[in-house]
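# Secondary and tertiary structure notes
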Number of protein chains: 2
Amino acid sequence: MQIDETLNPFFQPSGVAVIGASNDPSKLGYGLARNLTQSGYQGVVHFVNLKGGFLLGRPMYTSIREVPDPVDLAVLLIPAKFVPETLLACAERGIRAAIIASGGFREIGLEGEALEQTCLTIARHHQMRLLGPNCIGLLDTHLPLDTTFLPPPGPPPGDVAFISHSGAICAAVIDWARGQGFGLSRLVSLGNQADITETDVLAPVASDRHTRVLTLYLEGVSDGRKFVDAARQVTLQKPIIALKVGRFASGQRAVASHTGALAGSESAYNAAFRRAGVIRANTNEEMFDWARALAWCPPSRGRRVAVLTNAGGPGVTASDALEAGGMQLAQLAEPTILELSNHLPPAAALSNPVDMLAGASPEQYANCLRLLLEDPGVDSVMVILPPPPMHTAGAVAKALIPVIHHADKPVVIALMGERLIQEAVEHFRAARVPEYRFPERAASALATLAEHSEKQANIKEETYHLSGYDRKRVGDLLKQDQTRGWLGAEITAAITAAYKIPLPGGRLVNSSEEAVNAAQSVGFPVAMKIAAENLTHKSDIGGVILNLNTPQDVEQGYAELQKSAALLPGVKFQGAYIQQMAPPGQEVIVGAIQDAQFGALVMFGSGGVEVEGLRDVEFALAPLTPCDAQSLLENTWAGRKLNGYRSLPPADRQAALDVIYRVGQLAADFPELAEIEINPLRVLSVGQGALALDIRIRRVEE
Amino acid sequence: MQIDETLNPFFQPSGVAVIGASNDPSKLGYGLARNLTQSGYQGVVHFVNLKGGFLLGRPMYTSIREVPDPVDLAVLLIPAKFVPETLLACAERGIRAAIIASGGFREIGLEGEALEQTCLTIARHHQMRLLGPNCIGLLDTHLPLDTTFLPPPGPPPGDVAFISHSGAICAAVIDWARGQGFGLSRLVSLGNQADITETDVLAPVASDRHTRVLTLYLEGVSDGRKFVDAARQVTLQKPIIALKVGRFASGQRAVASHTGALAGSESAYNAAFRRAGVIRANTNEEMFDWARALAWCPPSRGRRVAVLTNAGGPGVTASDALEAGGMQLAQLAEPTILELSNHLPPAAALSNPVDMLAGASPEQYANCLRLLLEDPGVDSVMVILPPPPMHTAGAVAKALIPVIHHADKPVVIALMGERLIQEAVEHFRAARVPEYRFPERAASALATLAEHSEKQANIKEETYHLSGYDRKRVGDLLKQDQTRGWLGAEITAAITAAYKIPLPGGRLVNSSEEAVNAAQSVGFPVAMKIAAENLTHKSDIGGVILNLNTPQDVEQGYAELQKSAALLPGVKFQGAYIQQMAPPGQEVIVGAIQDAQFGALVMFGSGGVEVEGLRDVEFALAPLTPCDAQSLLENTWAGRKLNGYRSLPPADRQAALDVIYRVGQLAADFPELAEIEINPLRVLSVGQGALALDIRIRRVEE
């Protein structure tokens with residue numbers, strides 16, 4: 001991980017000055033001074049307040065200029081309008097890092113935006129880095145350091161870092177974490193991100209040795225590809241879980257292709273998170289449920305789970321939840337079952353879930369767990385502990401913990417209830433064993449552990465090295481022909497040829513006679529397709545005619561195409577393509593778009609006119625990694641059925657992959673190609689290749 | 001609701017005898033005696049123990065025979081082997097209701113099963129009703145009555161009833177409810193259900209005036225249609241939420257049709273719950289999150305939600321979660337926005353979500369909530385309350401509660417945090433205002449309120465009255481021809497005709513010559529389909545040939561069909577159908593199966609060979625209600641696109657519905673028809689009807 005050294009003063013300051021410290025306990029400036037002082041911070045703390053005086057046993061300087069060494073971090077909590085001049089004074093004092101906690105900037109409108117811009121200009125000019133404005137600062141429970149103004153207590157020390165675009169969520173998470181029994185390592189509230197962004201802080205936060213998992217509350221990312229690169233560096237070492245909000249907020253863009261219509265920013269985020277190895281959570285609770293498991297459990301080796309319970313019902317619930325999460329109930333080995341039977345009453349269920357019955361003692365829990373962990377067919381274990389009728393849950397917890405600590409496989413606890421399990425809750429939390437109130441949440445945590453392990457190989461993968469395409473040729477073509485919007489038939493064919501995207505043999509014709517000649521030369525039956533500028537969906541307007549058997553058919557077809565085009569305003573008829581009818585095969589869609597945030601994205605799935613209805617499509621960042629390309633096929637029905645399905649013979653999967661790589665490369669090489677869409681790509685029999693029966697390319701307008 | 005009077009002693013006993021009461025505090029028999037005594041039960045409590053003696057100030061009788069009046073409910077907690085004779089003694093004592101809390105019955109194997117059967121025989125013979133065995137009994141917090149042996153305290157009194165197939169889940173829920181701040185009204189642990197089932201107790205539990213919502217933990221239902229009828233009677237008055245577990249447990253049946261392959265017991269449960277108006281939860285937490293909202297909020301009138309927050313981040317999270325749950329952000333009326341602006345600082349966001357900014361006071365919260373509730377475009381409100389930096393969450397809660405109590409629209413609270421919001425949590429719980437830790441769960445509760453209101457109209461609906469079909473004729477046909485398995489071509493056609501399921505005109509032919517004659521008489525081009533017994537998927541084996549244009553084509557095709565059939569073991573070639581090529585249209589699948597639990601089910605969706613791959617299908621109980629039939633169309637892409645989609649013209653939706661009703665009626669009328677499948681049904685242009693291009697019917701083999 002590359003760490004930007006200019007950020008060091010934020011995370012390891014030798015002296016911190018609070019500008020706007022106040023001795024009025026109702027002011028945030030008091031809270032900040034109090035938190036910093038009480039946090040146990042080992043560096044030097046300075047207070048600055050125009051009025052001077054004393055606060056918490058320290059003098060208040062009337063200006064940052066008077067503050068003695070050492071001081072390398074300033075925290076500003078003063079009215080917005082005074083921030084620029086104060087920043088300047090900090091710069092002149094030699095401070096190169098400032099947290100602007102004050103609000104009143106971009107979030108309040110144009111005036112605030114100008115003020116924020118001024119701050120940024122000052123900072124850039126003086127090589128000063130800014131966190132905020134409009135943020136609650138940052139917090140390190142181990143250093144320790146607390147530059148927030150939140151009411152105490154702060155979070156307990158722990159191993160989960162939290163980076164957030166929302167200050168209110170920070171406040172809630174700090175308070176909530178305490179109730180949920182997990183601590184935080186570092187917390188960064190990013191505010192308006194005038195300078196430092198979520199991407200900038202990933203590596204510095206991840207480099208903290210106390211941090212085992214990073215959790216992100218994202219409202220977006222500042223630079224898509226930079227984020228992917230930075231996150232990927234981190235996930236090679238530590239898991240990142242992201243809650244990306246604002247899913248439905250993005251307005252609908254005006255798009256003309258199926259690919260464009262289906263690509264929302266959510267598809268782009270999913271593709272980006274997959275590439276970066278970031279785990280995406282759907283809710284705040286899920287994010288922290290998973291974070292505890294990732295922070296506290298050994299790595300998962302697979303999806304085979306054993307369930308240990310003292311009652312049937314919760315075992316069924318657990319099985320359901322595990323299978324719904326893509327996990328499997330482990331098949332226990334015969335010796336394991338035999339050994340279990342030595343510890344359990346005859347009526348106990350020895351297959352998985354192992355139901356020890358209601359009387360299960362702490363010793364039985366511990367012995368059975370040990371046996372399950374020793375079974376080579378078991379990758380992880382869920383222990384279910386409802387309030388046991390005969391023993392206390394606390395005693396069971398005490399017996400289980402040494403077994404869990406000794407294991408090199410993940411164990412999670414479904415601890416069901418509230419009051420009767422409180423002692424057990426406390427034991428498990430202190431021992432850093434993840435416990436959840438119901439089996440469903442425990443199952444979801446185990447699935448995430450497995451997912452994270454599976455992702456490790458993929459994160460390391462580089463993009464596929466494609467060869468045999470002529471990038472220069474396409475560059476030249478686009479220089480020669482400056483047409484914007486949907487490209488004409490000839491240049492489209494030339495670009496396609498340069499990237500070796502296979503097209504059926506055929507000819508562009510400009511008259512009925514030429515059409516008949518062409519048909520006779522490629523051989524009947526033929527297909528005829530309209531060639532026209534500014535035409536989006538050929539088949540919607542009857543622009544594709546198949547199975548023409550005779551010269552008369554061809555003549556008549558040509559006339560029809562001409563007539564259809566004449567009816568459409570703005571569409572310029574350019575003739576028709578005469579193509580040999582392609583051999584049979586499976587039809588799919590392959591498309592690409594340029595996402596505003598993440599750049600080139602490739603789409604693959606079920607094509608035809610119903611593509612938006614079926615939504616059987618998946619996206620990946622372009623250029624693709626082999627793993628991304630495989631996932632396009634594996635996560636769509638269109639891709640899975642290329643392997644053959646019932647009477648449908650297998651199709652040339654490799655050829656489909658090759659086209660996907662080529663389309664991705666083309667889109668990545670030429671961001672001005674706003675949309676590329678092959679619909680359909682006909683994937684022929686194995687070994688026979690694939691043919692782009694129709695391809696359209698749109699160039700950005702502007 | 002029809003209440004079975006024989007169950008009254010369970011819910012309103014005048015005297016309860018605990019058989020197996022114990023004065024050893026480590027025994028469950030002590031716990032049971034203690035709970036019953038301490039529950040505040042107003043009737044008479046009797047203890048029975050072979051050894052006699054005294055317990056909790058009461059005598060222990062050595063036999064139920066000695067117990068004086070009144071006693072109409074016995075609770076047995078004695079070793080299983082003594083249960084039958086004790087039941088007999090109870091019966092002779094005139095007791096007609098017994099709870100068998102003891103384990104050691106069906107759940108331990110064959111021996112226990114025999115014992116359980118003996119108990120049932122005794123009970124039936126003496127008109128005695130049994131709850132259990134292997135259960136933890138029942139509990140009514142208002143009567144009050146507690147016949148469980150669980151460690152105290154029991155649940156606080158409340159308005160949510162819980163009926164469970166798992167005793168361990170009961171114990172966990174009781175303990176957990178206290179921590180979550182909601183009470184229970186009645187709780188019934190059903191155990192092995194030797195006699196009384198989940199269906200039996202629905203009406204008695206729902207008739208309790210303190211119960212506002214019923215929650216069910218189901219491992220299955222005893223009799224599918226009876227459950228649907230009983231649940232439907234309840235949901236007309238009170239909501240039922242069910243957590244159905246064992247989703248993946250059901251083994252795969254051997255099935256031959258697409259419909260059979262796609263119909264799992266889960267499809268049947270979904271169809272049954274829809275008909276019965278039962279809301280299906282996916283997790284325990286979800287069930288009780290929803291139950292609190294349904295118990296405490298006024299009915300929802302729609303899906304337009306206003307969000308009131310003091311911070312942007314949680315507002316975005318809320319918007320996401322609401323839209324993901326099918327809710328809409330309400331468009332606030334101009335006067336509402338104007339009024340809000342009078343109460344809020346200029347930088348506040350007045351569109352929905354309304355962000356009052358971090359300084360929002362209790363009065364601002366209350367005033368803005370009142371304004372939002374008064375807006376006619378708002379159906380419900382989510383109030384977001386992170387720990388407010390300037391005020392206490394408790395003060396905000398106190399200000400909000402009167403406004404919420406005064407409103408006739410649902411209000412839920414996303415109360416974010418833990419320690420800093422504790423006072424607010426307590427205020428809201430005491431005031432019966434549903435609060436959740438994060439906006440996601442609050443959004444899910446609002447969506448459930450809307451769903452429940454929307455379902456009310458549907459629950460009242462009766463099944464569609466279909467006319468113009470000849471049930472007697474099919475009965476006769478099935479009497480005459482006793483063939484089992486896939487029915488032959490002729491009888492299939494006759495059954496189809498009797499139920500007026502439209503087929504394309506055509507003829508069955510038995511020779512190549514007949515085929516040519518038939519083709520000439522229906523007119524070229526024709527389609528030819530194999531007619532054969534024991535053949536499942538015609539098109540998989542090349543059994544369908546389309547677009548035959550000449551007599552030569554027909555001859556050749558007939559020979560091919562004959563050849564294909566000869567290659568298939570067990571398939572008996574019966575000739576071919578010659579049909580006119582059907583007019584163009586949209587193709588769908590309509591099928592029916594007999595579910596072991598719920599009887600006839602109809603399936604509708606995207607057909608063709610890929611039906612199992614796309615899984616674009618939906619199921620409903622047959623015969624159908626109009627609402628069920630509509631939902632088949634609305635919940636599938638195949639159904640939605642019948643309205644037309646891009647270049648795809650609208651199709652005859654009414655004709656498709658008519659076929660759905662007819663297939664459902666046929667399956668419901670003749671349970672021996674194990675599978676019926678029309679694949680494809682071609683739905684023609686509007687007004688032109690639909691044609692079953694292929695129909696297959698399988699009769700149960702037995």
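Remember, predicted model here, so these are calculated numbers, not experimental data. (Residues numbered from 1 in each chain as written. Chains lettered and ligands numbered in written order. Predicted model: local features only at pLDDT ≥ 70, side-chain atom pairs only at ≥ 80, totals over all residues. Heavy atoms only, no water.)

## As for the relation of the copies chain A and chain B
Superposing chain A onto chain B requires a rotation of 180° together with a translation of 0.1 Å along the rotation axis, leaving an RMSD of 0.1 Å. Within this description, the copies of the chain are treated as partners about a two-fold rotation axis. Across chain A, the rotation axis passes nearest the C-alpha of A:Leu614, at a separation of 4.2 Å. Of all interface residues in chain A, 98% are interface residues in chain B too; the two copies therefore contact each other through one and the same surface. (Least-squares fit on C-alpha atoms with pLDDT ≥ 70 in both. Contact = heavy atoms within 4.5 Å.)

## Examining the nonpolar core
A:Phe10, A:Met382, B:Phe10 and B:Met382 are the most contacted members of the largest nonpolar core, which has 226 residues in total. Excluding residues that lie within four positions of it along the chain, A:Met382 makes contacts with A:Val305, A:Ala306, A:Val307, A:Leu308, A:Ala318, A:Leu322, A:Val412, A:Ala414, A:Pro439, A:Ala442, A:Ala443 and A:Leu446. (Core = buried A, V, L, I, M, F, W, Y, C linked by side-chain atoms within 4.5 Å. Buried < 20%, exposed > 50% of the residue type's maximum accessible area, 1.4 Å probe, protein only.)

## Remarks on the packing of aromatic side chains
Aromatic ring pairs are described here by two measures, namely the spacing of the ring centres and the angle between the planes. Taken as a whole and judged by the stated rule, the model has 26 aromatic pairs over all chains. Ring centres 4.8 Å apart and planes at 35° place the aromatic pair B:Tyr469 and B:Tyr499 in the tilted group. Here the residue B:Tyr469 occupies a position in the loop between α16 (439-460) and α17 (471-480), and B:Tyr499 occupies one in the loop between α18 (489-498) and β22 (506-509), the gap between them amounting to 30 residues. You can call B:Tyr469 partly exposed: its relative accessible area is 25%. By the ring-pair criterion, three or more aromatic residues cluster together here, those being A:Phe162, A:Trp176, A:Phe182, A:Phe288 and B:Phe438. For the cation-ring pair, A:Lys244 lies above A:Tyr269, with the distance from its terminal atom to the ring centre recorded as 4.5 Å. Between the NZ or CZ atom of A:Arg471 and the centre of the ring of A:Phe670, over which it lies, the distance is 5.9 Å. (Phe/Tyr/Trp six-rings, centres within 6.5 Å; stacked < 30°, edge-to-face > 60°. Helix = DSSP H or I, 4+ residues; strand = E, 2+ residues; numbered from the N terminus. Lys NZ or Arg CZ within 6 Å of the ring centre and 35° of its normal.)

## Considerations on the interface of chain A and chain B
In this complex, chain A contributes 62 residues to the contact, which on the side of chain B involves 63 residues. A combined buried area of about 5,500 Å² lies between chain A and chain B, and 62% of that area is made up of carbon and sulfur atoms. By the criterion of area lost to chain B, the three top residues of chain A are A:Asp175, A:Phe438 and A:Arg646, representing 12% of everything that side buries. Remark: the boundary between chain A and chain B carries 2 salt bridges. One salt bridge connects A:Glu285 with B:Arg441, and the closest N-O pair in it is separated by 2.9 Å. (Buried area = accessible area lost by both parts, 1.4 Å probe. Salt bridge = Lys/Arg side-chain N within 4 Å of Asp/Glu carboxyl O.)

## Considering the domain arrangement of chain A
As far as domains go, chain A holds domain 1 (5-245), domain 2 (298-458), domain 3 (505-580) and domain 4 (586-699). For domain 2 of chain A and domain 3 of chain A, the distance between their C-alpha centres works out to 66 Å. (Domains from an automatic or database assignment.)

## Here's the deal with unusual backbone geometry
Glycine aside, residues mostly have negative phi angles, and peptide bonds mostly take the trans form. That bond from A:Ala622 to A:Pro623 is cis: its omega, -5°, falls within 30 degrees of zero. Structurally, A:Pro623 can be placed in the loop between β28 (617-621) and α22 (626-634). Cis geometry marks the peptide bond from B:Asp69 to B:Pro70, where omega comes out at -10°. Relative to the assigned elements, B:Pro70 resides in the loop between β4 (58-61) and β5 (73-76). A positive phi angle, close to 55°, is found at A:Gln193, a residue other than glycine. For A:Gln193, the location among the structural elements is in the loop between β11 (184-189) and α6 (198-206). Of note, the phi angle at B:Leu357 is positive, near 80°, even though the residue is not glycine. Structurally, the position occupied by B:Leu357 is in the loop between β17 (354-355) and α13 (362-374). Given a relative accessible area of 28%, B:Leu357 falls into the partly exposed group.

## So, the side chain of B:Asp628
Position of B:Asp628 relative to the elements: it lies in helix α22 (residues 626-634). Overall, the relative accessible area of 1% leaves B:Asp628 in the buried class.

## Details of helix α19 (residues 512-522) of chain B
An α-helical segment advances 3.6 residues per turn. Residues three or four places apart therefore align on the same side. All names here are of chain B. Listed as buried for α19 are Ser512, Ala515, Val516, Ala518 and Ala519. Taken end-on, α19 shows its buried residues confined to a sector of 165°, consistent with a single buried face. Summarising the geometry of α19, the exposed residues directed more than 90 degrees from the buried face are Glu513 and Ser521. A positive backbone phi angle near 100° is found at glycine 523, which sits one or two residues after α19. (Arc of directions from axis to C-beta.)

## Regarding the side chain of B:Thr496
Looking at the secondary structure, you find B:Thr496 in helix α18. With residues near it in sequence (within four places) discarded, B:Thr496 still touches B:Ile501, B:Leu503 and B:Ile695.

## Regarding the sheet that holds strand β14 (residues 279-281) of chain B
Residue and element names in this part refer to chain B. Strand order in this open sheet of 7 strands is β9-β8-β11-β10-β12-β13-β14, and the pairing throughout is mixed. Both edges of this open sheet fall to β9 (145-146) and β14, since each of them pairs with a single strand only. When strand β10 (residues 157-164) meets strand β11 (residues 184-189), the two strands line up parallel, connected through 5 bridges. Looking at β11, one finds that valine 160 is bridged to leucine 184. (Pairing = 2+ DSSP bridges.)

## Re the pattern of salt bridges
One pass over the structure, following the stated rule, counts 70 salt bridges over all chains. Across the salt bridge formed by A:Lys472 and A:Asp476, the nearest N and O atoms sit 2.9 Å from each other. With A:Lys472 and A:Asp476 both in helix α17 (residues 471-480) and 4 residues apart, the pair spans about one turn of that helix. Taking relative accessible area as the criterion, A:Lys472 reaches 60% and is therefore assigned exposed. The exposure class of A:Asp476 is partly exposed, given its relative accessible area of 24%. A salt bridge links B:Lys455 to B:Glu451; the nearest nitrogen and oxygen atoms lie 3.2 Å apart. Here B:Lys455 and its partner B:Glu451 are both found in helix α16, 4 residues apart, which amounts to about one turn of the helix. On the accessibility criterion, B:Lys455 (14% relative accessible area) is buried. Each of A:Glu285, B:Asp289, B:Arg292, B:Arg429, B:Glu435, B:Arg437 and B:Arg441 takes part in salt bridges that share partners, so that together they form one network.

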